[in-house]
Amino acid sequence: GDTTRQRIKFSDDRVCKSHLLNCCPHDVLSGTRMDLGECLKVHDLALRADYEIASKEQDFFFELDAMDHLQSFIADCDRRTEVAKKRLAETQEEISAEVAAKAERVHELNEEIGKLLAKVEQLGAEGNVEESQKVMDEVEKARAKKREAEEVYRNSMPASSFQQQKLRVCEVCSAYLGLHDNDRRLADHFGGKLHLGFIEIREKLEELKRVVAEKQEKRNQERLKRREEREREEREKLRRSRSHSKNPKRSRSREHRRHRSRSMSRERKRRTRSKSREKRHRHRSRSSSRSRSRSHQRSGHSSRDRSRERSRRRSSKERFR
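Residues numbered from 1 in each chain as written. Predicted model: local features only at pLDDT ≥ 70, side-chain atom pairs only at ≥ 80, totals over all residues. Heavy atoms only, no water.

Here's the deal with the overall build of the protein
Moving on, step 1. The number of helices and strands found in the protein is 10 helices and two strands.
Moving on, step 2. N-terminal to C-terminal, the α/β element order of the protein is α-α-α-α-α-α-β-β-α-α-α-α.
Moving on, step 3. Each of the 321 residues in the protein was classed as buried or not, and the buried ones make up 22%.
Moving on, step 4. A separation of at least 24 residues holds for 69% of the contacts in the protein among residues at least 6 apart in sequence.
Moving on, step 5. When the accessible surface of the protein is totalled, it reaches about 24300 Å², and 49% of it is carbon and sulfur. (Helix = DSSP H or I, 4+ residues; strand = E, 2+ residues; numbered from the N terminus. Buried < 20%, exposed > 50% of the residue type's maximum accessible area, 1.4 Å probe, protein only. Contact = heavy atoms within 4.5 Å. Areas by Shrake-Rupley, 256 points an atom, 1.4 Å probe, with all protein chains shown as cover.)

Okay, here's the thing in structure tokens:
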């Protein structure tokens, strides 16, 4: 009542989260044949209103609690349906077994009568009239028993066949449906508060599953993004701390090397430029071209030597590192 409202917030564990999301089975099925009575948790429309306002600003993820609640409720209902189906199948088997036993009794008596009649014929053929008369009396007794057994069998048939096809279990709300139910009864069932309530609960459960899956996916994505950002920051920090701790001489030599490579590339550019210029004036003299090829070979050597020297220097540096 009013005192709990002052004392309790909608986020409190004692508050029914399914009620806040308007899908608690205790609300949906109240006043039906399967009325569940009071919910164990607090139901309060004022708290629902508070939640609806607050949830516009913040995601409380109550769908997860509601989903678990409805899932266990529907699982119970489906279990009940299975039990009811099994019980129905068993009673139908028992009934049909009983019917079969009654039919079997008729068959047994038929067999007895047939054997006795064969014996009567045999005795008659042998001229044993007295004996055959005795057997004939037995036949009459067996015929009386057979009439009785047939009556019992016939009487068990309509009830059992009616029973057998009569019932099935509604998959939605686990109530029994009669095959011979009239339109009124069917309309009462399928349009009734119980059946419709179960449809509502099942649809709500599907919706909650979808919402929860979407929200979890979104959360996972955000978590992944945060982790990647953290790792990037860590790498950045590590790189900075490394470059600070390096000894300045080495970094200067690296700088020098970079500078040298830059100047080398500049030199190379200049060389190719001059080469293209020479190409234009090739017809000037043959001897100059010969000396040029010689100098070109030499420059090739020198660049090879240089790279060899560089790799040697590098490997020695690796050794001292």
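Here's the deal with the nonpolar core
Moving on, step 1. L20, L21, L29, F198, I201 and L208 are the most contacted members of the largest nonpolar core, which has 29 residues in total.
Moving on, step 2. Those elements that provide at least two residues to this core are α4 (45-54), α5 (63-125) and α8 (193-245).
Moving on, step 3. Ignoring anything within four residues of it in the chain, the contact list for L208 reads L21, C23, E63, A66, M67 and L70.
Moving on, step 4. Within the second largest apolar cluster, seven residues are counted, among which are L116, V120, L123 and V139. (Core = buried A, V, L, I, M, F, W, Y, C linked by side-chain atoms within 4.5 Å.)

Structural notes on the confidence of the model for the protein
Moving on, step 1. Chain-level pLDDT for the protein is 82 on average; 72% of the residues reach the 70-or-more range.
Moving on, step 2. At the level of individual helices and strands, the protein shows its lowest average pLDDT in helix α10 (residues 286-320), which scores 50, and its highest in helix α2 (residues 17-20), which scores 97.
Moving on, step 3. Segment residues 287-300 is flagged for pLDDT under 50; beyond a separation of four residues in sequence, or across chains, it makes three contacts in the model.
Moving on, step 4. Counting contacts from residues 316-321, a segment whose pLDDT is below 50, to residues more than four positions away or on other chains yields two contacts. (pLDDT = per-residue confidence, 0-100.)

Let's talk about the packing of aromatic side chains
Moving on, step 1. Tallied over the full model, the rule gives seven aromatic pairs.
Moving on, step 2. Consider the rings of Y51 and F60, whose centres lie 6.1 Å apart with planes at 55°: the pair is tilted.
Moving on, step 3. For F60, a relative accessible area of 22% puts it in the partly exposed group.
Moving on, step 4. Ring geometry for F60 against F62: centres 5.5 Å apart, planes inclined by 25°, an arrangement best described as stacked.
Moving on, step 5. These aromatic residues form a ring-pair network of at least three members: F10, Y51, F60 and F62.
Moving on, step 6. A cation over an aromatic ring shows up here: K17 above the ring of F62, its NZ or CZ 5.1 Å from the ring centre. (Phe/Tyr/Trp six-rings, centres within 6.5 Å; stacked < 30°, edge-to-face > 60°. Lys NZ or Arg CZ within 6 Å of the ring centre and 35° of its normal.)

With respect to the pattern of salt bridges
Moving on, step 1. One pass over the structure, following the stated rule, counts 17 salt bridges.
Moving on, step 2. When the shortest N-O distance is used, the salt bridge between R184 and D188 registers 2.9 Å. In this pair, R184 and D188 are both assigned in helix α7 (residues 183-190), four residues apart and thus about one turn of the helix distant.
Moving on, step 3. The class of R184 is exposed, set by a relative accessible area of 55%.
Moving on, step 4. Among the residues examined, D188 registers a relative accessible area of 43% and is labelled partly exposed. (Salt bridge = Lys/Arg side-chain N within 4 Å of Asp/Glu carboxyl O.)

Examining the packing of α5 against α8
Moving on, step 1. Here α5 crosses α8 at 140°, and the two axes come no closer than 9 Å. In terms of their interaxial angle, α5 and α8 are classed as oblique. The interaxial crossing formed by α5 with α8 has left-handed handedness. From α5, E63, L64, A66, M67, L70, Q71, F73, I74, C77, D78 and R80 reach across to α8, where they touch F198, I201, R202, K204, L205, L208, K209, V211, V212, K215 and Q216.
Moving on, step 2. Grouping the amino acids of the contact of α5 with α8 by side-chain chemistry returns 13 nonpolar, two polar and seven charged. (Axes fitted to C-alpha atoms, helices over the stretch in contact; angles between N-to-C directions. Parallel < 35°, antiparallel > 145°, perpendicular 65-115°, else oblique. Left-handed = near helix turned anticlockwise from the far one by under 90°. Nonpolar A, V, L, I, M, F, W, Y, C, P; charged D, E, K, R; others polar.)

Details of α5
Moving on, step 1. The end-to-end C-alpha separation of α5 is 91 Å, in line with the 93 Å expected for 63 residues at 1.5 Å each.
Moving on, step 2. Just beyond α5, the residue with positive phi is G127, at close to 85°. (Expected span 1.5 Å × (residues − 1).)

Let's talk about α8
Moving on, step 1. For α8, which comprises 53 residues, the first-to-last C-alpha distance of 76 Å matches the rise-based estimate of 78 Å (1.5 Å per residue) to within 8%.
Moving on, step 2. Looking at α8, one finds that the buried residues are L194, H195, G197, F198, I201, L205, L208, V211, V212 and K215.
Moving on, step 3. On the buried face of α8, the contacting elements are α3 (25-28), α5 and α7.

Let's talk about a negative patch on the surface
Moving on, step 1. On the surface, E228, E229, E231, E233 and E234 cluster together into a negatively charged patch.
Moving on, step 2. Structurally, the position occupied by E234 is in helix α8. (Patch = residues over 30% accessible without salt bridge, like charges linked within 9 Å, V, L, I, M, F, W, Y side chains within 5 Å. Lys, Arg positive; Asp, Glu negative; His and termini not counted. Charge placed at Lys NZ, Arg CZ, Asp CG, Glu CD.)

What to know about the side chain of E63
Moving on, step 1. Along the chain, the position of E63 falls in helix α5.
Moving on, step 2. Among all residues touching E63, those that are not within four sequence positions of it are L21, Y51, L208, V211, V212 and K215.

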